[in-house]
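Structural characterization, general
Chain by chain, the residues run as shown.
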Amino acid sequence: MTRMNAEIKAELLAEGKVDVEPSLLPRPSRSTAGPGTGLRSIFFKSGGHRVRLEIDAGSPLKMVKRDGDVVILKDNRELVRGVIDPVVAHCPEQTYITISERCSYDCKFCSVPKFQGKIKTKDEVLAIVERAKKSGTLHVISLTSGVATTPENEIDRVVEYVQAVKKYHVPVGVAVSPTKDSSQRLKDAGVTEVKYNVETMDPAIFERVCTGRKGHSLDFILASLVDAVKVFGKNRVSTNIIIGLGETDDCVRKGVEYLAKRGVIAVLRPITISPYRKEEISATRPSAERLLKLTKMTRDILEKYKLDVTESQTMCLSCTGCDLTPGRDL
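The model shown is predicted, which means the values in this text are computed figures rather than measured ones.

Where charged atoms from two side chains of opposite charge come close, those side chains can pair. Counted according to the given criterion, the structure contains 30 salt bridges. Measuring nitrogen to oxygen at the nearest pair gives 2.7 Å for the salt bridge that ties Lys-9 to Asp-329. With Lys-9 in helix 1 (residues 6-15) and Asp-329 in the segment after helix 10 (315-319), this residue pair connects regions lying 320 residues apart in the sequence. For Lys-9, a relative accessible area of 0% corresponds to the buried category.

The structure is reproduced here in structure tokens:
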């Protein structure tokens, strides 16, 4: 019986999509956050590892029920056996909520600006958290948000919502666009961990794909991450580096080390090429070999600077579904 390991997970992530037998799909998750917004996905768990795959009937990966197990096939060959991991809200084991499902930025890898969805009220957020509490699945609250108008207004909203949910006495993680005082405000409100995404450590790629950011430069995000470590401490600050935008491995290595030296953990996120953005961006999803190489490199750098992913309690570093995660998967 084949269970998932880092190599198999890398192979699944490199494809990123799976054709799912209809009987296994009573309630697939639909993303409202980031590049995968609007896409249906499913979480699969095996051998202590978790992976999130987009549901696509055209994928060479097939998910079927066989002998009581959920099996993923590739070219009609059994690749791995496991179970479907139930979603609490957006991901397993976390009440992960997108507040503003719209964004005034125009990052070319992200679907959110194409949808301009709703902004959840505080009462709607509390209702989701309350449902998780009543079902016994409230262990962690993670909040993310687009930039509906300005980062400053978004931080005001997130701070208000965090103050409302802290009564549940569980860890709270927040992934937002930073402002000059966002870290201290979020910490004072009750946030446990914070994530500000750089998206790429290549300045030329950043300028090309991260458009409409109105003064939120790569340098500003990096400075905000450094400030966040001063406020939250090591192992409590993270950032996404998207893999597949044309960056070199050396750029990734230098970027991961730059961040780790300052106490920030980099999450290496394989690019999701949204059908809503495919005409606007040139990107290639990384191979399994590249994901394994970069994750091993990241693991070694984190160890060098004495950063420990397993201490992270919220958001992506805890979930691990979308990424090959050093310290958890490898």
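Further remarks concern the packing of helix 8 (residues 249-261) against helix 9 (residues 288-304). Two elements in contact, helix 8 and helix 9, have axes separated by 10 Å at closest approach and are oriented at 25°. As judged from the angle between their axes, helix 8 and helix 9 are roughly parallel. Our pair here, helix 8 against helix 9, has a crossing hand that is right-handed. Listed contacts from helix 9 to Asp-249, Val-252, Arg-253, Val-256, Glu-257 and Ala-260 of helix 8 are Arg-290, Lys-293, Leu-294, Met-297, Thr-298, Ile-301, Leu-302 and Lys-304. In terms of residue class, the contact of helix 8 with helix 9 is built from 7 nonpolar, 1 polar and 6 charged.

Let's shift gears to helix 8. Taking 1.5 Å of rise per residue, the 13 residues of helix 8 would be expected to cover 18 Å, and the 18 Å separating its terminal C-alpha atoms lies within 8% of that figure. Within the sequence span of helix 8, burial applies to Cys-251, Val-252, Gly-255, Val-256, Glu-257, Leu-259 and Ala-260. Buried-residue contacts for helix 8 involve helix 7 (218-232), strand 15 (237-243), strand 16 (265-270) and helix 9.

Attention now goes to helix 9. With 17 residues, helix 9 ought to run about 24 Å at 1.5 Å a step, and its terminal C-alpha atoms sit 24 Å apart, in line with that. Among the residues making up helix 9, those that are buried are Ala-288, Arg-290, Leu-291, Leu-292, Leu-294, Thr-295, Met-297, Thr-298, Ile-301 and Leu-302. Packing partners of the buried residues in helix 9 comprise helix 1, strand 15, helix 8 and strand 16. Where helix 9 ends, the next residue or the one after it, Lys-306, has phi of about 60°, a positive value.

Further remarks concern the packing of helix 5 (residues 182-189) against helix 7. Running from amino to carboxyl end, helix 5 crosses helix 7 at an angle of 30°, the nearest separation of the two axes being 9 Å. On the basis of their axis angle, the class for helix 5 and helix 7 is roughly parallel. Between helix 5 and helix 7 the crossing geometry is right-handed. Mapping the contact onto sequence places Ser-183, Gln-184, Leu-186 and Lys-187 in helix 5 and Ser-224, Asp-227, Ala-228, Val-231 and Phe-232 in helix 7. Here the residues of the contact of helix 5 with helix 7 sort into 4 nonpolar, 3 polar and 2 charged.

A separate point is the pairing of strand 7 (residues 77-84). For strand 3 (residues 40-46) and strand 7, the ladder comprises 2 bridges, and the chain directions are antiparallel. Of the residues in strand 7, the one forming a bridge with Phe-44 is Ile-84. Strand direction decides the pairing type here: strand 6 (residues 69-74) and strand 7, joined by 5 bridges, are antiparallel. Looking at strand 7, one finds that Leu-73 is bridged to Glu-78. Hairpin connection of strand 6 to strand 7: 2 residues between the antiparallel strands, including Asp-75 at a positive phi of 55°.

Turning to empty space enclosed by the protein, a few remarks are in order. Applying the stated rule across the entire model yields 2 cavities of 30 Å³ or more. The calculated volume of the largest cavity comes to roughly 60 Å³. Lining the largest cavity are Glu-193, Val-194, Asn-235, Arg-236, Val-237, Ser-238, Ser-312, Thr-314, Met-315, Cys-316 and Leu-317. At the level of secondary structure, the elements contributing two or more residues to the lining of the largest cavity comprise strand 13 (193-195), strand 15 and helix 10. Tallied by class, residues from the lining of the largest cavity come to 5 nonpolar, 4 polar and 2 charged. Considering the residues around the second largest cavity, the lining is formed by Ala-266, Val-267, Leu-268, Cys-316, Leu-317, Asp-323, Leu-324, Thr-325 and Pro-326. Secondary structure elements with two or more residues in the lining of the second largest cavity: strand 16 and helix 10. The greatest single-element share of the lining of the second largest cavity, amounting to 3 residues, is contributed by strand 16. For the lining of the second largest cavity, the per-class residue count stands at 7 nonpolar, 1 polar and 1 charged.

Parameters at a glance
Residues numbered from 1 in each chain as written. Predicted model: local features only at pLDDT ≥ 70, side-chain atom pairs only at ≥ 80, totals over all residues. Heavy atoms only, no water. Salt bridge = Lys/Arg side-chain N within 4 Å of Asp/Glu carboxyl O. Helix = DSSP H or I, 4+ residues; strand = E, 2+ residues; numbered from the N terminus. Buried < 20%, exposed > 50% of the residue type's maximum accessible area, 1.4 Å probe, protein only. Axes fitted to C-alpha atoms, helices over the stretch in contact; angles between N-to-C directions. Parallel < 35°, antiparallel > 145°, perpendicular 65-115°, else oblique. Left-handed = near helix turned anticlockwise from the far one by under 90°. Contact = heavy atoms within 4.5 Å. Nonpolar A, V, L, I, M, F, W, Y, C, P; charged D, E, K, R; others polar. Expected span 1.5 Å × (residues − 1). Pairing = 2+ DSSP bridges. 1 Å grid on protein atoms, 1.4 Å probe; cavity = no way out; pocket = protein on both sides within 12 Å on 5 of 7 lines; lining within 4 Å. Points joined across faces, edges and corners; volume = space filled by probe spheres on them.

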